[in-house]
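# Analysis of the macromolecular model
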Amino acid sequence: MTVYDEDDFLLISGIQHFSFCRRQWALIHIEQQWHENLKTVEGEIVHERCHDDKFTEKRKDFLWTRGMRVASTSLGATGQCDVVEFQKAEQGATLAHHKGLWQVRPIEYKRGKTKSIDADRLQLCCQAMCLEEMLCCEITEGYLYYATTHMREKVPLSEALREKVRSIFAEMHTYYQRCYTPKVKLQAGCKSCSLAEICVPLLCKDVSVDSYYAKNLRAEEI
């Protein structure tokens, strides 16, 4: 099993970018490019309170903490959980300064509403895998909270989802080590991407010399 050094850790949030668009991920995490738009600003507002790492709340058999720092040497991942929910149980993790055992559930806050693609679920699953490694426990589910609908989506952390996290992070590390920014095909999501002007996806299209000359010769004949 690969064990990553802390200097090689990649941000957990990157898996959401990568699963949406590999080029977007590379522009942000390798080339350090960033540009705000309405969606990114709305996302930052949603996360403002969640990243208060001094906040802890306890009610009866539940405990919540915000902005918890997590990491995994097997994934080579690090980041912050928006909220981690702990519930007293017969099996689970031990917590410093708290008696008994606790079930652990990460909760990730997102703008908008639930999506058909797994980008948000993969980020949540990665957080859970980091928590499992740190707390020596098993986490079977987590939640995505969407600000637009004010609904929590329960996410079963299946082995298929976990394997996808492992595969994507391995690919991310390969790209990062090579400083490689991949090309992409133009897709519907490009229009709403905050990096559209930086990415210029149309320039990623491979055009052969023969097709270029044929096109321009036809234009001259017309």
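Refer to the structure printed above.
Read on for a plain summary of the structure.

About the criteria used
Residues numbered from 1 in each chain as written. Predicted model: local features only at pLDDT ≥ 70, side-chain atom pairs only at ≥ 80, totals over all residues. Heavy atoms only, no water. Buried < 20%, exposed > 50% of the residue type's maximum accessible area, 1.4 Å probe, protein only. Helix = DSSP H or I, 4+ residues; strand = E, 2+ residues; numbered from the N terminus. Expected span 1.5 Å × (residues − 1). Contact = heavy atoms within 4.5 Å. Axes fitted to C-alpha atoms, helices over the stretch in contact; angles between N-to-C directions. Parallel < 35°, antiparallel > 145°, perpendicular 65-115°, else oblique. Left-handed = near helix turned anticlockwise from the far one by under 90°. Nonpolar A, V, L, I, M, F, W, Y, C, P; charged D, E, K, R; others polar.

### Brief notes about helix H2 (residues 22-29)
Burial analysis of H2 places seven of its eight residues in the buried class, the great majority of the element. Listed as buried for H2 are Arg23, Gln24, Trp25, Ala26, Leu27, Ile28 and His29.

### So, helix H5 (residues 159-178)
Helical periodicity: at 3.6 residues per turn, an α-helix aligns residues three or four positions apart in one direction. Between its first and last C-alpha atoms H5 spans 29 Å; for 20 residues at 1.5 Å apiece the expected length is 28 Å, and the two agree. Tucked into the core, H5 has its buried residues touching strand S1 (10-11), helix H1 (14-20), H2, strand S4 (77-89), helix H4 (119-135) and strand S8 (151-156).

### Section: the packing of H2 against H5
The N-to-C vectors of H2 and H5 enclose an angle of 50 degrees; their axes lie 11 Å apart at closest approach. The angle between H2 and H5 places the two elements in the oblique class. Of the two elements, H2 crosses H5, and the hand of that crossing is right-handed. For the pair formed by H2 and H5, the contact residues are Arg22, Trp25 and His29 on the first element and Glu171, Met172, Tyr175 and Tyr176 on the second. Across the contact of H2 with H5, the residue classes tally to four nonpolar, one polar and two charged.

### Some remarks on unusual backbone geometry
The residue cysteine 136 is not glycine, and still its phi comes out positive at about 55 degrees. Exposure remark for cysteine 136: the relative accessible area of 69% places this residue in the exposed category. Within the chain, cysteine 179 stands out as a residue other than glycine whose phi angle is a positive 55 degrees. Secondary-structure assignment places cysteine 179 in the loop between H5 and helix H6 (196-199).

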